Amino acid sequence: MAKIKILKDGMPVYNNPYITDLLISSMNKVIGKKNIVITEPALGLEDFSWYQSVVPGVFFSLGTRNED
């Protein structure tokens, strides 16, 4: 038999501004500004926020596309 504990408390993901700027700058150099899409923040819960409570960071989505 398993016990399940549901945590109702969550923390928001907070992207550190310095690290975010560093990431975007690096991405501009590597893949080009035209290939970067900045989207509106989304409401949701992500475990990454627990990591960020210990170490500042940035959470981002990486997508790929082949137009062919």
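Check the entry above for the structure.
Residues numbered from 1 in each chain as written. Predicted model: local features only at pLDDT ≥ 70, side-chain atom pairs only at ≥ 80, totals over all residues. Heavy atoms only, no water.

1. Description of the layout of surface pockets
Step number 1: Roughly 1,200 Å³ of volume is contained in the largest pocket.
Step number 2: Together, 30 residues line the largest pocket, and Val37, Ile38, Thr39, Phe60 and Ser61 are the ones closest to its centre.
Step number 3: Class assignment for the residues of the lining of the largest pocket results in 18 nonpolar, eight polar and four charged. (1 Å grid on protein atoms, 1.4 Å probe; cavity = no way out; pocket = protein on both sides within 12 Å on 5 of 7 lines; lining within 4 Å. Points joined across faces, edges and corners; volume = space filled by probe spheres on them. Nonpolar A, V, L, I, M, F, W, Y, C, P; charged D, E, K, R; others polar.)

2. Considerations on the side chain of Gln52
Step number 1: Inspection of the secondary structure assignment puts Gln52 in helix α2 (residues 48-52).
Step number 2: Assessed through its relative accessible area of 13%, Gln52 is described here as buried.
Step number 3: Once residues lying within four places of it in the same chain are set aside, the contact partners of Gln52 are Val13, Tyr14, Asn15, Gly57, Val58 and Phe59. (Helix = DSSP H or I, 4+ residues; strand = E, 2+ residues; numbered from the N terminus. Buried < 20%, exposed > 50% of the residue type's maximum accessible area, 1.4 Å probe, protein only. Contact = heavy atoms within 4.5 Å.)

3. Observations regarding the packing of aromatic side chains
Step number 1: Counted by the stated rule, this structure contains two aromatic pairs.
Step number 2: Measuring from centroid to centroid gives 6.0 Å for Phe48 and Tyr51, while their planes differ by 70 degrees, and the two rings are edge-to-face. Of this pair, Phe48 and Tyr51 both sit in helix α2, separated by three residues, roughly a single helical turn.
Step number 3: The exposed category is assigned to Tyr51, whose relative accessible area is 57%.
Step number 4: With a centroid separation of 5.4 Å and an interplanar angle of 50 degrees, the aromatic rings of Phe48 and Phe59 are classed as tilted. Linking Phe48 in helix α2 with Phe59 in the segment after α2, this pair joins segments that are eleven residues apart in sequence.
Step number 5: Its relative accessible area of 22% is what places Phe48 among the partly exposed residues. (Phe/Tyr/Trp six-rings, centres within 6.5 Å; stacked < 30°, edge-to-face > 60°.)

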